[in-house]
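# Structural description and commentary
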Amino acid sequence: MNLVTSDNFKLFEKKNKKNILIGSWCLLNDQIKESFNKGNDVIAKYHWDDKKKLSLDIPYIEKVYKYFLDQLTKNLNSFHKTDYDQNIWQIMLGMWLKIYVSFLFDRWEQTDYVFKNFPISEAKLVKFDEERFITSSQLNFWISIHHTNWNHWIFSKIIENKKKINFSYIEDFVQLKKKPSFEIGKEKNYLDLFNKYFSKFIPKQNLVISSLYLPKLYKLKLLLRYNKFIIKNNFEKKDIKKVDINLRKNTLNNIKGFDDFTNFVSSLLYLNLPCSFFENFKSFNTQAKDKSVPQNPKMILTSTEYLFNDFFKIYCAYQKRQYGSKIIFFQHGSYFNLEYALGDDFEAEISDKFLTYGLSTVPNKTIPLFMFNIVNEKVKKEQTSKGIIVSHFFSMSFPSEYNSLPRYYSDTISYNNIIFNFVNNINKTILLNTHIKVKSGNIYHKNDFPINSLKKLLPKINFIKNKKSIWEISKKYKIVVETLNGTGFLEAMHLNIPVVLLINPKINQYNLKHKDYYDQLRNVNILHEDGKKAAEFVNSVYENPQKWWNDKKTQEVRNFFCSKFACYKKNPYLELTNVLDKILYQNQ
């Protein structure tokens, strides 16, 4: 059998030999899809469709992560002539390392599954200039690992490593030209110059805010409360890819693994570690000490800046180590509600405090507060409201990080099918005013396949793109249908908007620790796991959804759920400042 490792038709054997597709994502190529012979060719089952296996694999992935965090701490301290402890390095490169290890293990196990279950004899591989896969930043690494070429390259390296089948390299100049669209950081030099040269006139900043999901008024009040003035800081730095490949090999190839997989991981470190933590680290570390950014702040607050801004992470790490600055993260998603989520406790682990919508997952670290992004918001239905607004979530072509969301091609098909079954069973008169709101992929997630495939299933339905969240436009519609156990659902519940949560239980599993909450949602028809039955319910309450929604039992369940996942506070600003005051003054 011929092993096909990517959505590249040149890898597909068109003559007499059988093809085994390493995953359903190979069908993203229309030529492969058309040439695929169901009586002859085979699509390999995805190993993590077996959730028991995923549960068993997660502790091993975490073990590998901690091993390489320790190794990189020693190695990079020696190279950069620093003496940062493991916690500081985890702030800087922990998220990249978690993604790197889990992605490689996922591909390693999928290849292993195929080798064990099919009589593979050969494979065709595309030869790449491997330096192309070195990225300037963690953000660009994230973009790269969801691209067809990186995935084919990694599967090729695994095949080379395992040495179990014959393989040959082919030339494919068309494929070689395909490259992901990388993001280049936009420097705001005017802010740097202003802050640097006027720093002696600017009082010390006790509070630093960046990408914080709070209302503008709250942020202004916080700056005035703790700083006595308002100033905008710049943490955007240009990501420059300058690679010293020999230095990378000499430095990073000294790291060895403890088994076959970890030896494979170590062999590719020099080609996957972003420049931010190697060639560009000295520059970023020097800038983190510069007067153009606040020095010795008491608190640094953010919701998302730590995810992909490498300079900001290096800045936080330096301020924490040098001055003991408190790093405080605010919840920005709803992954705590999921059964599986990569790095679900990562924010709490690397921060001093993690403020949440309601859950307290890590004792002494997480502090339950309220829904930060919609605090004090109200939604009043228009008297002329009509129709249904249905959410649609973007997903990836190739398997993304492990979590209980649509992660790859087959998941997307299943996710779209449950939406199709719902819409296809809604009364035609209701459909006239029903829209599907598209959450398009952005620079982090560029993939048109999920929405295009759904449009083929539902050609007569109106799809809308709107930068506003569903809750902001929901007043025009009678009912909101959320198709993901995510932030949109929490927002609707918190704002008391009539909402149905329609999920595929095989893909979007809620955390079983919270089963009682979801059972109660099911009992009052908020939670549905069957598209047709959900449609039948919506049809039955459509003329007067408020009667169902305002029913005493429904509201009791809603309040019970929100008390855990989407809290209310009578005076949220006061609650927040009380928490920040305690953090600020606890060691003084």
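Structure's up top.
Residues numbered from 1 in each chain as written. Predicted model: local features only at pLDDT ≥ 70, side-chain atom pairs only at ≥ 80, totals over all residues. Heavy atoms only, no water.

## Digging into the nonpolar core
Within the largest apolar cluster, 196 residues are counted, with the highest numbers of intra-cluster contacts made by L3, W96, Y100, L222, L301 and F422. Sequence-distant contacts of L222, that is, excluding residues within four places in its chain, are made with L207, I209, L214, N227, L301, Y573, L576, T577 and L580. (Core = buried A, V, L, I, M, F, W, Y, C linked by side-chain atoms within 4.5 Å. Buried < 20%, exposed > 50% of the residue type's maximum accessible area, 1.4 Å probe, protein only. Contact = heavy atoms within 4.5 Å.)

## Details of the sheet that holds strand β2 (residues 19–21)
Judged by pairing direction, the sheet is parallel, and its 5 strands sit side by side in the order β3-β2-β1-β4-β5 without closing on themselves. Of all strands in the sheet, those with a lone pairing partner are β3 (42–43) and β5 (166–170), marking the two edges. Set on the sheet, helix α5 (residues 148–162) makes contact with β1 (2–4), β4 (122–126) and β5; between it and β4 the angle comes to about 135 degrees. (Pairing = 2+ DSSP bridges. Helix = DSSP H or I, 4+ residues; strand = E, 2+ residues; numbered from the N terminus. Axes fitted to C-alpha atoms, helices over the stretch in contact; angles between N-to-C directions.)

## Remarks on the packing of helix α2 (residues 51–80) against helix α10 (residues 260–267)
One way to put it is that α2 packs onto α10 with a least axis distance of 12 Å and a crossing angle of 45 degrees. Regarding the angle of α2 to α10, the classification is oblique. Crossing angle aside, the handedness with which α2 passes α10 is right-handed. Here Y60, V64 and F68 of α2 lie close against α10, whose contacting residues are F261, T262, V265 and S266. (Parallel < 35°, antiparallel > 145°, perpendicular 65-115°, else oblique. Left-handed = near helix turned anticlockwise from the far one by under 90°.)

## Focus: a nonpolar patch on the surface
A cluster of nonpolar residues, L220, L224 and I230, forms a patch on the protein surface that exposes about 250 Å² of accessible area. Along the chain, the position of I230 falls in the loop between α8 (216–227) and α9 (245–252). (Patch = residues over 30% accessible without salt bridge, like charges linked within 9 Å, V, L, I, M, F, W, Y side chains within 5 Å. Areas by Shrake-Rupley, 256 points an atom, 1.4 Å probe, with all protein chains shown as cover. Salt bridge = Lys/Arg side-chain N within 4 Å of Asp/Glu carboxyl O.)

## Digging into helix α24 (residues 552–565)
Note on helix geometry: an α-helix contains 3.6 residues per turn, so any two residues three or four positions apart are oriented the same way. Over its 14 residues, α24 extends 20 Å from the first C-alpha to the last, a length consistent with the 20 Å expected when each residue adds 1.5 Å. All of the buried residues along α24 are T554, Q555, V557, R558, F561, C562 and F565. Seen from one end, α24 has its buried residues packed into an arc of 160 degrees, which puts them on one side. As for α24, its buried residues are in contact with α20 (487–494), α21 (515–523) and α23 (545–549). Sitting at the amino-terminal end of α24 is D551, which places a side-chain oxygen 3.0 Å from the backbone nitrogen of K553. (Expected span 1.5 Å × (residues − 1). Arc of directions from axis to C-beta. Polar contact = N/O pair within 3.5 Å; in protein donor to acceptor, adjacent residues only side chain to side chain.)

## A look at the packing of aromatic side chains
Any pair of aromatic rings gets described here by the distance separating the centres and the angle formed by the planes. Applying the stated criterion across every chain, the model contains 49 aromatic pairs. With centroids separated by 5.3 Å and ring planes inclined at 45 degrees, the aromatic side chains of Y60 and F105 adopt a geometry described as tilted. Here Y60 is found in helix α2, whereas its partner F105 is found in helix α3 (residues 86–117), with 45 residues between them in sequence. Residues F489 and F561 carry aromatic rings whose centres are separated by 5.6 Å and whose planes lie at 65 degrees to one another, so their mutual orientation is edge-to-face. Highlighted residues: F489 in helix α20 and F561 in helix α24, separated in sequence by 72 residues. You can call F489 buried: its relative accessible area is 0%. Through pairs of rings, three or more aromatic residues link up here, namely W48, Y60, F105, W108, F261, F264 and Y402. Just above the ring of Y573 sits the side chain of K221; from NZ or CZ to the centre is 4.0 Å. For K237, the ring lying beneath its charged end belongs to F311, and the centroid distance is 5.1 Å. (Phe/Tyr/Trp six-rings, centres within 6.5 Å; stacked < 30°, edge-to-face > 60°. Lys NZ or Arg CZ within 6 Å of the ring centre and 35° of its normal.)

## Comments concerning the pairing of strand β15 (residues 499–502)
The alternating pattern of β15 places V499 and L501 on one face and V500 and L502 on the opposite face, and all of these are buried. Note: strand β14 (residues 479–482) against β15, 3 bridges, orientation parallel. Each residue of the ladder has a partner; that of E482, found in β15, is L501. Since β14 and β15 lie parallel, the crossover through α20 that links them has a hand, and here it is right-handed. Taken together, the 2 bridges between β15 and strand β16 (residues 527–528) define a ladder with parallel strand orientation. Within β16, the position partnered with L501 by the bridge is L527. (Right-handed = clockwise from strand over helix to strand, strands pointing away.)

## Concerning the sheet that holds strand β6 (residues 207–210)
With parallel pairing, the 5 strands of this open sheet are ordered in space as β6-β7-β8-β9-β10. Only two strands of the sheet have a single neighbouring strand rather than two, namely β6 and β10 (366–368). On average, each strand axis in the sheet is tilted by 20 degrees relative to the strand beside it, whichever way the strands run. Two strands pair when backbone bridges link them, and strand β7 (residues 299–302) and strand β8 (residues 326–330) are joined in this way by 4 bridges, in the parallel orientation.

## Observations regarding the packing of helix α16 (residues 409–424) against helix α22 (residues 531–541)
α22 packs onto α16 with a crossing angle of 35 degrees between their chain directions and a minimal axis gap of 7 Å. When you trace α16 past α22, the crossing you get is right-handed. Contacts between α16 and α22 involve I418, N421 and F422 from the former and G531, K532, A534, A535 and V538 from the latter. The residue inventory of the contact of α16 with α22, partitioned by class, reads 5 nonpolar, 2 polar and 1 charged. (Nonpolar A, V, L, I, M, F, W, Y, C, P; charged D, E, K, R; others polar.)

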